[in-house]
Amino acid sequence: MKYHELNVTKQKAPKRVGRGIAAGQGKTAGRGTKGQNSRAGGRRRPGFEGGQTPLMQRLPKLRGFRSLSPKAENIYTGQLNAFNGKTVDNFSLFEAGLVTNPHTIVKVVVKGELKSKVTVNLQGASEAAKAMIAKAGGEFKLTPKVARIPKTK
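## Observations regarding the sheet that holds strand 5 (residues 124-125)
Within the open sheet, the three strands sit side by side as 1-3-5. Their pairing is parallel. Each edge of the sheet is formed by a strand with only one pairing partner; in this case those strands are strand 1 (73-76) and strand 5. Relative to strand 3 (residues 106-109), strand 1 runs parallel, the two sharing four bridges. Within strand 3, the position partnered with E73 by the bridge is V106.

Written out as structure tokens, the structure is:
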């Protein structure tokens, strides 16, 4: 038998309860006698533990959350004047003390005037920063994040 040859039958009709003794599910209709669950609407809310303080209220609360995506460090166009005619990359920015680590994501943002021609090889730049770099005669190249070299034993 193949999947497309299966004979699909309609879903079984739900059992009609509370229709008299002869029907087999009459009177209490399978709910037992008395009690919270025998009544209409007699269900406990999710997490209810019979009056005991529920688990989600017993546990301590944690504030906020920590994003796992790495934060980009910003470099301003005014800071690029120090690299007159040179190539700006993660390592040159780290040596100049403008970023905390050469292996972070670095983005160029407009703040201050760019007067010198520089070639920028970084992970990101705003559209206005790209235009300012091009206007100064420089060039922006999008490069991937610098990977760390694994330690050898």
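## Quick notes on the sheet that holds strand 2 (residues 87-88)
Whether parallel or antiparallel, the strands of a sheet pair through hydrogen bonds between backbone atoms. Ordered in space as 2-4-6, the three strands form an open sheet in which the pairing is parallel. With one partner strand each, in any of the chains shown, strand 2 and strand 6 (139-142) form the two edges of the open sheet. In the sheet, strand 2 pairs with strand 4 (residues 119-122) via two bridges, with the strands oriented parallel. Paired with T87 across the bridge in strand 4 is T119.

## Some points on the pattern of salt bridges
In the structure shown here, the tally under the stated rule is two salt bridges. Between E127 and K130 there is a salt bridge, with its nearest N and O atoms 3.7 Å apart. With a gap of three residues between them, E127 and K130 both fall in helix 3 (residues 127-135), about one helical turn apart. A residue is classified by how much of its surface remains accessible, and K130, at 31% relative accessible area, is partly exposed.

Quick notes on the rules
- In every chain, residue numbers begin from 1 and rise along the written sequence.
- A pLDDT threshold of at least 70 governs which residues receive local features in this predicted model, and a stricter bar of 80 or more applies before side-chain atom pairs are shown or counted, although totals over entire chains, interfaces and linings include all residues.
- To get the side-chain values, all heavy atoms of the structure are used, and hydrogens and water are removed first.
- Only strands joined by at least two bridges in the DSSP assignment are considered to pair.
- Helix numbering and strand numbering both begin at the N terminus, where a helix is a DSSP run of H or I of at least 4 residues and a strand a DSSP run of E of at least 2.
- Salt bridge, as applied in this entry: a Lys or Arg side-chain nitrogen positioned within 4 Å of an Asp or Glu carboxyl oxygen.
- Exposure classes here rest on a 1.4 Å probe applied to the protein chains alone. A residue is buried below 20% of its type maximum, exposed above 50%, and partly exposed in between.

Note that all results are geometric; they support no functional claim without further evidence.
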